[in-house]
Amino acid sequence: AEGQQPLRALRMEAAEYYRGHGVPQRMEDALNTLFPQRPADLYGELANYLSKFSKAPVISKLVGRKVLDGVGRPTLEVETHCTIKNYKKRICSVVMSSHFQTLVNALPETIEADEKERNNSVNIAVEWVNESLSTMLRDVKPTDQCEVDKMLGLCLVGKKVSVPEKKIPPAEPVESVLCGSLAIGGTSLAIAKAGATINRVPLYLHISLLKHQDSPKEITLPLPMVTVLNCEKTAKLKLVKEVMLIPPVHLSFKQGLERALDIQKEIMRLLDPPSKEPSLRAADSKKGKAQNTGKKSAQQASKRISRLGCPIMGCDNLEQLLLLMQTACNNISLELGKEMYLAINCAAHELMDYSKGKYEILTGTFKSPDEMINMYVELTDKFSFIIALIDPLRKEDRQQWSNICCALGSKCFLIAEDAATYISKLKIDQNLNVPTCSGVVLKYINQTKVSDLIQLTGLLDGQRQITVLGSPDGESSDDSLVDLAVGLGARFIKLGGLSRGERVTKYNRLLAIEEELAENRTLR
């Protein structure tokens, strides 16, 4: 009897513990609720019923890792681990896109310095995630994105103190980037992804709920800007960096993508027509050499795929380029301006000759900022199927941005990409720090947080400016950018071409989201 007393006391203590947490009543409620259904898996249903009374999942740790992006350069992966029902689990991971862009004609020492800086930045980011950020965010709910990003923002402010400022070139100021800042953006996005997983909703719906605080009745997919040609700035024509296709709005995303793919295949065929004779035999004869001379550069171009996932091509003038696009569309019975539209990324900041104070649009041909506006007006008048110009001017030419918007704003989207600034500096006291334009290309890089994108797109929506979610040069295989674009309600998404796995995976994700929304009858 004496040996049973401690056991009896323990049982009484346990019974009181269970009564104090309402376990008997909840078990009775569960059984009464489930009995009429007579489920095949009774204990499974009991587990589901009781799980809603468990504590909310919290972050247990973050894991930072150095990985490679789509072009073989180092970048950051962030894993989120959470404690769920007393078990620690790996929930998800994200791979950040790198922001480093080295010019094609950069000096070897510049390339080496950039690579060293990139490695150093990623190493610092990995250390930051594994140590300070993991400790700081432990026991925080991954579903509380606002609180997470607020803590990350405070951490960022603290780190900025010890970062030396970069020297600013006299010609065009370069914005300094916090070394290791990938840790901030990667952690914010990884926790947003974990929050979506825990709430059992897709990431795009989780982002939409964070932005609008309510479940949307309908969701509109962004229109794709599909890059089909990447033009070399070292060629005679310097004005064009990318030629992009924009499908008409009445097509589904799947239909638009198939149409863009057909055009790209025809462009490839035009650039590299099949030879009637084996190339070795043709090369052995003078006649064969003469026949191949005219198309040699085109063949070389079509065999080179850029980091953007499309063919690289050099042109002598803009008309030659646009004629190629028209011919490709005509050959497959499509009319530019009705069944497909064009957008051109001018990347004007790469054209400025500061010694002359003018843009070099062709080798040896220079135009002032005001002359550039007249050129764009003539271009869009002659080729009305061009409905968007990205970076037609540098960000410093703010007066000319206002002038070009007055001249072309009613018939052509004038979008700032590099002419805008980093997301962290775009928003100043609830105002947008951008030149007058139709919209802005936003990229999720560096210290960007999910909350920053939500606030910024809200401001753009309020000012009736369009949002374009853009894929950076150093892209990764992570497809979270697509969910961000859909959840934020972006008008366009700029993912690059239809080659290279890290870009195609994002197009495939958009196809999957379209199917899911169509099944749920929430696709607008």
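Residues numbered from 1 in each chain as written. Predicted model: local features only at pLDDT ≥ 70, side-chain atom pairs only at ≥ 80, totals over all residues. Heavy atoms only, no water.

Chemist: Describe empty space enclosed by the protein, with residues and values.
Modeler: Across all of its chains, the model carries 1 cavity of 30 Å³ or more by this definition. The calculated volume of the largest cavity comes to roughly 130 Å³. Lining the largest cavity we find 14 residues, and of these V95, S97, L189, E475 and L481 sit closest to its centre. Top contributing element to the lining of the largest cavity by residue count: helix α17 (residues 480–488), with 3 residues. Its residues assigned to classes, the lining of the largest cavity shows 7 nonpolar, 4 polar and 3 charged. Built from parts of two domains, the lining of the largest cavity gets at least three residues from each of domain 2 (58–153 + 176–200) and domain 3 (223–271 + 304–520). (1 Å grid on protein atoms, 1.4 Å probe; cavity = no way out; pocket = protein on both sides within 12 Å on 5 of 7 lines; lining within 4 Å. Points joined across faces, edges and corners; volume = space filled by probe spheres on them. Helix = DSSP H or I, 4+ residues; strand = E, 2+ residues; numbered from the N terminus. Nonpolar A, V, L, I, M, F, W, Y, C, P; charged D, E, K, R; others polar. Domains from an automatic or database assignment.)

Chemist: Lay out the layout of surface pockets with the relevant residues and their values.
Modeler: Taking a probe equal in size to a water molecule and rolling it over the atoms shows the remaining empty space. When its volume is computed, the second largest pocket comes out at roughly 720 Å³. Those elements that provide at least two residues to the lining of the second largest pocket are α7 (203–212), β4 (223–231), α8 (253–271), β16 (466–470) and α17.

Chemist: Give a detailed account of the pairing of strand β7 (residues 341–345), specifying residues and quantitative values.
Modeler: Regular strands place their side chains on alternate faces of the sheet. Counted residue by residue, β7 has 4 buried out of 5 residues, so it is predominantly covered. In this sheet, β7 lies alongside strand β5 (residues 242–246) in antiparallel orientation, the contact comprising 5 bridges. Looking at β7, one finds that I246 is bridged to Y341. As defined by bridge partners, β7 adjoins strand β11 (residues 386–390) across 4 bridges and the pair is classed as parallel. From the neighbouring strand, L342 faces β11, where its bridge partner is I386. (Buried < 20%, exposed > 50% of the residue type's maximum accessible area, 1.4 Å probe, protein only. Pairing = 2+ DSSP bridges.)

Chemist: Could you give an account of α17, naming the residues involved and the relevant values?
Modeler: When you tally the buried positions in α17, you get 9 out of 9 residues, the bulk of the element. Along α17, the residues classified as buried are S480, L481, V482, D483, L484, A485, V486, G487 and L488. Count one or two residues on from α17 and you reach G489, which has phi positive near 75 degrees.

Chemist: For the nonpolar core, give the residues involved together with the corresponding values.
Modeler: Within the largest apolar cluster, 121 residues are counted, with the highest numbers of intra-cluster contacts made by L239, L321 and Y376. The element contributing the most residues to this core is helix α6 (residues 182–198), with 10 residues. Counting contributing residues, this core receives three or more from each of domain 2 (58–153 + 176–200) and domain 3 (223–271 + 304–520). With residues near it in sequence (within four places) discarded, L321 still touches L229, C231, L237, V240, V243, M313 and C315. With 13 residues, the next largest nonpolar core counts M225, I246, A388 and V441 among its residues. (Core = buried A, V, L, I, M, F, W, Y, C linked by side-chain atoms within 4.5 Å. Contact = heavy atoms within 4.5 Å.)

Chemist: Please provide a residue-by-residue account of the confidence of the model for the protein, values included.
Modeler: Confidence in the prediction for the protein averages 85 pLDDT; 85% of positions are at 70 or higher. Contacts from residues 160–172, a stretch scored under 50 in pLDDT, to residues over four places away or in other chains number 14 contacts. Overall, residues 276–302 carries pLDDT values under 50, and its contacts beyond four positions in sequence, including any with other chains, amount to 18 contacts. (pLDDT = per-residue confidence, 0-100.)

Chemist: Describe the pattern of salt bridges, and please don't skip the residues or the numbers.
Modeler: Here the structure, examined in full by the defined rule, presents 20 salt bridges. Across the pair K241 and E350 runs a salt bridge whose closest N-O atoms are separated by 3.4 Å. A residue pair is termed long-range when its members are at least 10 positions apart, and K241 in the loop between β4 and β5 and E350 in the loop between β7 and β8 (352–353) qualify at 109 residues. A relative accessible area of 31% places E350 in the partly exposed class. Taken together, the shared-partner salt bridges in this structure form one network comprising R65, E77, E79 and R90. (Salt bridge = Lys/Arg side-chain N within 4 Å of Asp/Glu carboxyl O.)

Chemist: Now, about a nonpolar patch on the surface: what can you tell me, with residues and values included?
Modeler: On the surface, Y17, Y18 and V23 cluster together into a nonpolar patch covering about 310 Å² of accessible area. Inspection of the secondary structure puts V23 in helix α2 (residues 23–34). (Patch = residues over 30% accessible without salt bridge, like charges linked within 9 Å, V, L, I, M, F, W, Y side chains within 5 Å. Areas by Shrake-Rupley, 256 points an atom, 1.4 Å probe, with all protein chains shown as cover.)

Chemist: Give a description of the sheet that holds β8 that names residues and reports values.
Modeler: With antiparallel pairing, the 3 strands of this open sheet are ordered in space as β8-β9-β10. Of all the strands in the sheet, just β8 and β10 (365–367) have a single pairing partner and so form its edges. Looking at chain direction, β8 and strand β9 (residues 358–362) are connected through 2 bridges and run antiparallel. Paired with D353 across the bridge in β9 is K358. Each of β9 and β10 is contacted by helix α13 (residues 369–382), which is oriented at about 100 degrees to β10, the strand it contacts most. (Axes fitted to C-alpha atoms, helices over the stretch in contact; angles between N-to-C directions.)

Chemist: Please give an account of unusual backbone geometry that cites residues and values.
Modeler: Phi angles above zero are rare outside glycine, and N86 is one such case at about 75 degrees. One non-glycine residue, D391, adopts positive backbone phi at about 50 degrees. On the basis of relative accessibility, which here comes to 1%, the residue D391 falls in the buried class.

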